[in-house]
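Chain by chain, the residues:
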Amino acid sequence: TTQKTNWDYEASLLVGKDTATVDLALGKVPGKVFKQRKNGQLNYPATGKKRLNKKAGGMATIYNNYSSAPQSLVASTRLETPDGKVFRLTESVVVPGAKVDGGKVTPSSIAVKVIADRGGEDYNVGPIDKFTIPGFRRTAKYDGFYADSVEPMTGGFTGEAAYPTEEDIKQAKEKSALVLEDSLKMLIRNEASQGLKVLDGAGKFVVLKQTVNPDVNDKNEFSIFVDAEMSVLAFQESDANALISDGVKKELRSDLKPKTFSLVYGALKPDFVKGEMTISVTYQAQLEYPIDVEKLKNQLVGKSELELRALLFGMPGLANT
């Protein structure tokens, strides 16, 4: 058994995406940039409470059964249900002219978005077979222009409801960014081929877009859409071993050899504009005095016990036999 000693060797490693081979003189190894982009919508609990008077809304179809001339309708134009509930256009529209052929009129139509004139559940109605347009009352257009809806109006509500507070939104943005960052890291690690080293901190994570939808679902959760991108600079660990081993040979005493060793990566500084990254590396080894077994065998042949003892215990770096 030989004596063993621990030894650390510190070096700096430069990884470059434009480097083709290991450069021992510059301490540089080839690198490869991996880039991934991902988006997703995540839900979070809304902890705020407030009194709401939300208006119902939905889609309706307006028909022109009056003439071949188009008809402009301004935003807030009223559509009235048979029982007197009023919905208004959310934006201005132009209803196309009807097709008139030989005195026969074929109605034209256009889909429009409408919202209730008042808040509350009473306006969650429909489908509606026929809306009238009160603005045309007492004119010939009153019978020629009308509307219907094939889907019910929804969203009307009066009462206490959950809503996302500023703190809810702040935490949701932070958590969503972390979720996508972890997901992108996993995608890149899976993409990187075997032997490539991907270090923590060797990536650049950018949130491209975050859009909050404050409307809550039936679980009192609001949603946030996040779009993010990550770039990572990786390298072959075998290249790093070759580079560090070259430096070790120059520093290590010739009568000592590494029995075990490992590379410990420290502080790193990526520069994705240049496509480079500097890394501090510590080579940690357990050193021992090497024994030339074949030479020793030849030396032992034909020796007396006394000579054997003198030979063995005179070996450098011997711990015990």
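Here, the structure is the one placed above.
The following paragraphs examine the structure supplied in this document. Sequence order as written defines the numbering, with residues in each chain counted from 1. With pLDDT at 70 or above as the cut-off, local features in this predicted model cover only qualifying residues; side-chain atom pairs require 80 or more to be listed or tallied, and sums for whole chains, interfaces and linings still use all residues. As a rule here, side-chain values come from all non-hydrogen atoms in the structure, and water together with hydrogens is ignored.

**Topic: the overall build of the chain**
What the chain contains, in helices and strands, is five helices and 17 strands. Here the C-alpha radius of gyration of the chain, 39 Å, is well above what a compact globule of 321 residues would show, namely 20 Å. Under the scheme applied here, a residue whose accessible area is under 20% of the maximum for its type counts as buried, over 50% as exposed, and between as partly exposed, the area being computed with a 1.4 Å probe on protein chains only. Looking at the chain as a whole, 34% of its 321 residues qualify as buried. Contacts are residue-level and defined by heavy atoms, with any inter-residue pair within 4.5 Å sufficient. A separation threshold of at least 6 residues defines the contact pool for the chain, and within that pool the share at least 24 residues apart is 73%. Secondary structure elements are taken from DSSP: a helix is a run of H or I of four residues or more, a strand is a run of E of two residues or more, and numbering for both begins at the N terminus. For this measure, only C-alpha atoms enter the radius of gyration; the expected value for a globule follows 2.2 Å times N^0.38, where N is the number of residues.

**A closer look at the pattern of salt bridges**
The term salt bridge refers to a pairing of a side-chain nitrogen on Lys or Arg with a carboxyl oxygen on Asp or Glu at a separation within 4 Å. The tally for this structure, following the rule as stated, stands at 10 salt bridges. The closest approach of N and O atoms between glutamate 80 and arginine 137, which form a salt bridge, is 3.2 Å. With glutamate 80 in strand β5 (residues 78–80) and arginine 137 in the loop between β10 (108–119) and α1 (141–144), this pair connects stretches of sequence that are 57 residues apart. The class for glutamate 80 is buried, based on a relative accessible area of 18%.

**Considering helix α2 (residues 166–191)**
Residues spaced three or four apart along an α-helix face the same direction, because each turn holds 3.6 residues. In a helix, the anticipated span is given by 1.5 Å times the number of residues less one. In this model α2 runs 38 Å from its N-terminal to its C-terminal C-alpha over 26 residues, within 8% of the 38 Å that 1.5 Å per residue would give. Those residues of α2 that fall on the buried side of the exposure criterion are Asp168, Ala172, Ser176, Ala177, Leu180, Ser183, Leu184 and Ile188. Packing partners of the buried residues in α2 comprise β2 (28–45), β3 (48–64), β12 (157–163), β14 (203–213) and β15 (221–236).

**Details of the packing of helix α4 (residues 293–300) against helix α5 (residues 305–313)**
Between α4 and α5, whose axes approach to 11 Å, the crossing angle comes to 155 degrees. Between α4 and α5, the interaxial angle falls into the category roughly antiparallel. With respect to the hand of their crossing, α4 and α5 are arranged in right-handed fashion. Note on element contacts: α5 touches α4 through Leu308, Leu311 and Leu312, opposite Leu296, Gln299 and Leu300. Three residue categories are used. Nonpolar comprises Ala, Val, Leu, Ile, Met, Phe, Trp, Tyr, Cys and Pro, charged comprises Asp, Glu, Lys and Arg, and polar comprises the others, including Gly. Each residue belonging to the contact of α4 with α5 can be placed in one class, and the counts come to five nonpolar, one polar and no charged. Axis lines are fitted to C-alpha atoms, over the contacting stretch for helices. Their N-to-C directions set the angle, which ranges from 0 to 180 degrees. For this classification, under 35 degrees means roughly parallel, over 145 means roughly antiparallel, 65 to 115 means roughly perpendicular, and everything else is oblique. What makes a crossing left-handed is the near helix being turned counterclockwise from the far one by less than a right angle; a clockwise turn instead makes it right-handed.

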